[in-house]
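Working through the structure, step by step
Single-letter residue listing:
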Amino acid sequence: MIELKNVTKTFHQKDKIVSALSDVSLRVPEGKIFGVIGTSGAGKSTLIRCVNLLERPTSGEIIVDGKALMQLSNAELAIERRQIGMIFQHFNLLSSRTVFDNVAFPLELAGTPKSEIKTRVLELLQLVGLDEKANDYPASLSGGQKQRVAIARTLANNPKVLLSDEATSALDPATTRSILNLLKDINKRLNITVLLITHQMEVVKSICDEVAVISHGKLIEQGSVGEIFADPKHELTKEFIASSLHIDIPEVYQDKLQKQDNGSLNPLLKLEMTGKSVNEPVISEVSRIFDTDFKIVSAQMDQAGEVNFGVMLIELSGKRENYDAAIQYFNSKHIKTEILGYV
Amino acid sequence: MSDSIIDLLLKGTWETIVMTFVSGFFGFLLGLPTGILLFLTRKNQILDQPVLNRTLSVIVNVFRSIPFIILIVWMIPFTRAIVGTSIGVSAALVPLSIGAAPFIARLVENSLLSLPSGLIEAARALGATPFQIVYKVLLPEALPSLINAASITLITLVGYSAMGGAVGAGGLGQVGYQYGYIGYDAVTMNSVLALLVILVFIIQFAGDKLSKRFDHR
């Protein structure tokens with residue numbers, strides 16, 4: 001549905017030439033959600049702006065829904081852009097228009113008759129759950145509501161493709177989740193292909209089918225989310241995955257944590273499950289085989305594609321002489337195990 | 001104060017109001033499109049025409065640097081060609097409009113520059129043409145600040161029109177100049193001052209109210 005072929009973009013800054021994208025190629029199949037993740041300044045914003053030619057690539061090809069956009073005239077491009085929805089980090093709603101008129105805006109641009117606009121806008125506001133706010137101005141809405149209006153606005157022309165430029169980066173975690181759910185819902189229900197850029201692995205993990213990692217204007221790794229989480233090749237990819245699996249030792253444990261075992265304390269273990277870990281009920285196995293017990297202190301487990309991964313803090317007790325063997329067993333199943341201390 | 005003086009003051013006030021608002025109107029007629037063009041042709045803006053932008057900018061700067069009192073005199077032949085005379089209210093409208101236009105153009109350009117750039121980007125992404133961006137995005141979004149620009153312009157024009165009074169433009173300026181400066185009639189001169197102050201206050205007040213009414217940010 002979306003195809004970028006060898007896209008390169010350079011900027012002239014004073015005397016030097018800055019390369020924002022170099023030889024970027026990617027394909028987003030119809031109906032999929034494709035995420036591009038990268039740190040700030042990696043070129044992801046330029047990348048997504050190149051898809052609807054808000055930024056014109058220096059070279060390369062952009063094909064959306066079978067049309068080569070670079071070859072279109074300005075007027076043709078304006079029409080084609082109506083098929084390509086876009087939402088932004090800062091929503092970019094028109095402050096002088098009510099919620100209703102903001103959603104009506106793209107329909108007015110396309111010359112839709114008034115009566116048709118009315119039914120379509122009300123339908124869209126219902127879809128994003130904001131029918132009661134139709135006559136409010138954007139200034140009175142929360143961030144999440146603003147993004148919903150922006151989504152309704154961009155869906156007005158029935159686009160085939162939706163571009164999301166850090167759409168959840170300015171939102172709190174709960175609102176982020178609800179917006180992501182809405183995007184997923186739109187993708188499923190209306191069969192809209194989504195290309196999104198983000199710096200949050202959580203976003204990729206929760207809604208993307210495929211992911212690419214961008215660094216210094218180059219795509220360094222891409223594949224299905226399951227594959228990437230199972231077997232990240234690049235150091236940066238590993239960092240992104242690790243950052244979404246951060247776990248802290250709870251304060252109560254932090255206070256009583258000892259470096260050395262005095263013979264009566266229980267070890268506090270950190271287990272890391274990655275895509276390489278064996279997909280078996282290992283914990284209950286260990287418990288049975290080695291006659292040990294586990295108390296789960298804190299855990300963050302997730303599923304990305306076929307892969308179950310996450311991190312877990314457990315307090316080990318039971319037969320003391322079997323502790324070492326239990327830890328070795330975890331490691332043999334590719335669950336990285338570490339003794340954080342004794343409690 | 002004699003009746004004749006009161007008549008004179010009323011007539012002067014009316015003339016000043018006419019000069020201010022009519023030249024303000026023509027000033028905007030010239031200045032608004034110029035300001036929009038100055039904005040659109042800037043580097044990285046939707047029309048991006050550096051040569052046109054620089055040319056326009058130079059013309060605007062040249063007209064802005066001519067002191068108004070000199071502009072009136074300098075424009076006399078042009079004024080005469082347009083309205084047939086070089087004295088009186090209608091003659092004053094020509095230099096007043098020409099004097100206000102570049103000032104308005106810069107105010108408009110600044111109003112548009114203060115809009116978040118994301119708005120234009122969103123409109124482009126939704127398939128808006130440059131013309132649609134101007135009249136559906138830029139102008140409505142900048143309306144509160146354009147109204148403020150209008151109040152500033154009108155207040156400046158009250159001052160300019162009084163200056164014109166000294167060279168035969170009519171209005172409160174002429175009354176103040178003839179009776180106050182030449183005749184040294186303190187009562188008349190102070191009445192002129194008071195009327196000008198009231199006029200400026202009314203314009204500012206109405207402008208603030210109007211601007212607030214359209215501001216939904």
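Please read these numbers as outputs of a predicted model, since none were measured by experiment.

Procedures and definitions
Residues numbered from 1 in each chain as written. Chains lettered and ligands numbered in written order. Predicted model: local features only at pLDDT ≥ 70, side-chain atom pairs only at ≥ 80, totals over all residues. Heavy atoms only, no water. Helix = DSSP H or I, 4+ residues; strand = E, 2+ residues; numbered from the N terminus. Buried < 20%, exposed > 50% of the residue type's maximum accessible area, 1.4 Å probe, protein only. Contact = heavy atoms within 4.5 Å. Areas by Shrake-Rupley, 256 points an atom, 1.4 Å probe, with all protein chains shown as cover. Lys, Arg positive; Asp, Glu negative; His and termini not counted. Charge placed at Lys NZ, Arg CZ, Asp CG, Glu CD. Pairing = 2+ DSSP bridges. Axes fitted to C-alpha atoms, helices over the stretch in contact; angles between N-to-C directions. Parallel < 35°, antiparallel > 145°, perpendicular 65-115°, else oblique. Left-handed = near helix turned anticlockwise from the far one by under 90°. Nonpolar A, V, L, I, M, F, W, Y, C, P; charged D, E, K, R; others polar. Buried area = accessible area lost by both parts, 1.4 Å probe. Salt bridge = Lys/Arg side-chain N within 4 Å of Asp/Glu carboxyl O. Core = buried A, V, L, I, M, F, W, Y, C linked by side-chain atoms within 4.5 Å. Expected span 1.5 Å × (residues − 1). Arc of directions from axis to C-beta. pLDDT = per-residue confidence, 0-100.

Glancing now at the overall build of chain A. The secondary structure content of chain A amounts to twelve helices and 14 strands. By principal-axis analysis of the C-alpha atoms, chain A measures approximately 80 × 50 × 35 Å. Taking all 343 residues of chain A together, 51% fall into the buried category. Within chain A, contacts between residues at least 6 apart in sequence are counted, and of these 70% link residues at least 24 apart. Summing over all exposed atoms, chain A offers an accessible surface of approximately 16,000 Å²; the carbon and sulfur share of this is 47%. Between the centroid of the 39 positive side chains of chain A and the centroid of its 43 negative side chains there is a distance of 5 Å.

A separate point is the overall build of chain B. Scanning chain B from N- to C-terminus turns up nine helices and zero strands. Each helix and strand of chain B, placed in order from N terminus to C terminus, yields the pattern α-α-α-α-α-α-α-α-α. Projected onto its principal axes, the C-alpha coordinates of chain B cover approximately 65 × 40 × 25 Å. Residues classed as buried in chain B amount to 44% of the 217 residues present. Of the contacts made within chain B by residues no fewer than 6 positions apart, 72% connect residues no fewer than 24 positions apart. Accessible area of chain B: about 10,900 Å², with a carbon and sulfur share of 69%. Chain B carries 13 positive and 10 negative side-chain charges, and their two centres are separated by 11 Å.

A few words now on the sheet that holds strand E7 (residues 161–165) of chain A. Residue and element names in this part refer to chain A. Sheet architecture is open: six strands sit in the order E6-E7-E8-E3-E9-E10, paired in mixed fashion. In this open sheet, the two edge strands, each paired with only one partner strand, are strand E6 (84–88) and strand E10 (218–224). Direction aside, neighbouring strands of the sheet carry axes that sit 15° apart on average. Examined bridge by bridge, strand E3 (residues 33–37) and strand E8 (residues 193–198) share five bridges and lie parallel to one another.

All names here are of chain A. Interhelical geometry of helix H5 (residues 143–155) versus helix H6 (residues 173–190) gives an angle of 20° and a closest axis separation of 10 Å. Taken together, the axis directions place H5 and H6 in an arrangement best described as roughly parallel. For the pair H5 and H6, the crossing hand works out as right-handed. Touching Gly144, Gln147, Arg148, Ile151 and Leu155 of H5 are Thr175, Ser178, Ile179, Leu182, Leu183, Ile186 and Leu190, all from H6. Partitioned by chemical class, the residues of the contact of H5 with H6 number seven nonpolar, four polar and one charged.

To continue, consider the interface of chain B and chain A. At the interface, 17 residues of chain B touch 25 residues of chain A. Of the roughly 1,900 Å² buried where chain B meets chain A, counting both sides, 57% is carbon and sulfur surface. Of all residues in chain B, the largest losses of buried area upon contact with chain A belong to Leu126, Lys136 and His216 of chain B, amounting jointly to 33% of the total for that side. On the surface where chain B and chain A come into contact, there are two salt bridges. Lys136 of chain B is the partner of Glu108 of chain A in a salt bridge, and the nearest nitrogen-oxygen pair spans 2.6 Å. Where the side of chain B that touches chain A is concerned, the elements lending two or more residues are helix H6 (117–125) and helix H7 (130–165) of chain B. Along the lines of polarity and charge, the residues of the side of chain B that touches chain A split into eight nonpolar, four polar and five charged.

Core analysis: the biggest nonpolar cluster contains 60 residues, and Val121 and Ile151 of chain A have the highest contact counts within it. Counting residues in each nonpolar core, the second largest holds 46 residues, with Leu94 of chain A together with Leu71, Ile120 and Ala142 of chain B among its members.

Turning our eyes to something else, we now look at unusual backbone geometry. The phi angle at His216 of chain A is positive, at roughly 50°, despite the residue not being glycine. Along the chain, His216 of chain A falls in the loop between strand E9 (210–215) and E10. The class of His216 of chain A is exposed, set by a relative accessible area of 70%. In this structure, Asp48 of chain B is a non-glycine residue whose phi angle is positive, near 40°. Within the secondary structure, Asp48 of chain B sits in the loop between helix H1 (3–40) and helix H2 (50–65).

A word on the sheet that holds strand E5 (residues 67–68) of chain A. All names here are of chain A. One open sheet accounts for four strands, arranged E2-E1-E4-E5; its pairing is antiparallel. Lying at the two open borders of the sheet, with one neighbouring strand each, are strand E2 (16–28) and E5. Alignment of strand E1 (residues 2–13) against E2, held across nine bridges, turns out to be antiparallel. Bridging from a neighbouring strand, Thr10 pairs with Ser19 of E2.

Moving on to H2 of chain B. Residue and element names in this part refer to chain B. Taking 1.5 Å per residue as the helical rise, H2 with its 16 residues ought to reach 22 Å, and the 22 Å between its terminal C-alpha atoms agrees with that figure. Taken as a whole, H2 has its buried residues at Asn53, Leu56, Ser57 and Val60. Along the axis of H2, the buried positions cluster into a sector of 100°, meaning they face one direction only. Seen from the open side of H2, the exposed residues pointing more than 90 degrees away from its buried face are Val51, Arg54, Val58 and Ser65. Elements in contact with the buried residues of H2: H1 and helix H5 (89–113).

Bringing the confidence of the model for chain A into the picture now. Per-residue pLDDT for chain A averages 89, and the proportion of residues at 70 or more is 100%. Across chain A, element-level confidence peaks in helix H3 (residues 99–109) of chain A with a mean pLDDT of 95 and bottoms out in helix H8 (residues 225–230) of chain A with 82.

Regarding helix H2 (residues 74–81) of chain A, the residues found buried are Leu77, Ala78, Glu80 and Arg81 of chain A. For H2 of chain A, the buried positions fall inside an angular range of 165° around the axis, keeping them on one side. The outward face of H2 of chain A, more than 90 degrees from its buried face, is lined by the exposed residues Ala75 and Ile79 of chain A. Of the surrounding secondary structure, the elements contacted by the buried residues of H2 of chain A are E5 and E6 of chain A together with H6 of chain B.

With that settled, consider the pairing of strand E13 (residues 307–318) of chain A. All names here are of chain A. Extensive coverage of E13 is indicated by the burial of nine of its twelve residues. Here six bridges tie strand E11 (residues 267–273) to E13, and the two strands are oriented antiparallel to one another. Along E13, the bridge assignment pairs Leu269 with Ile314. The pairing of strand E12 (residues 292–304) with E13 spans twelve bridges and is classified as antiparallel. Looking at E13, one finds that Lys295 is bridged to Glu315.

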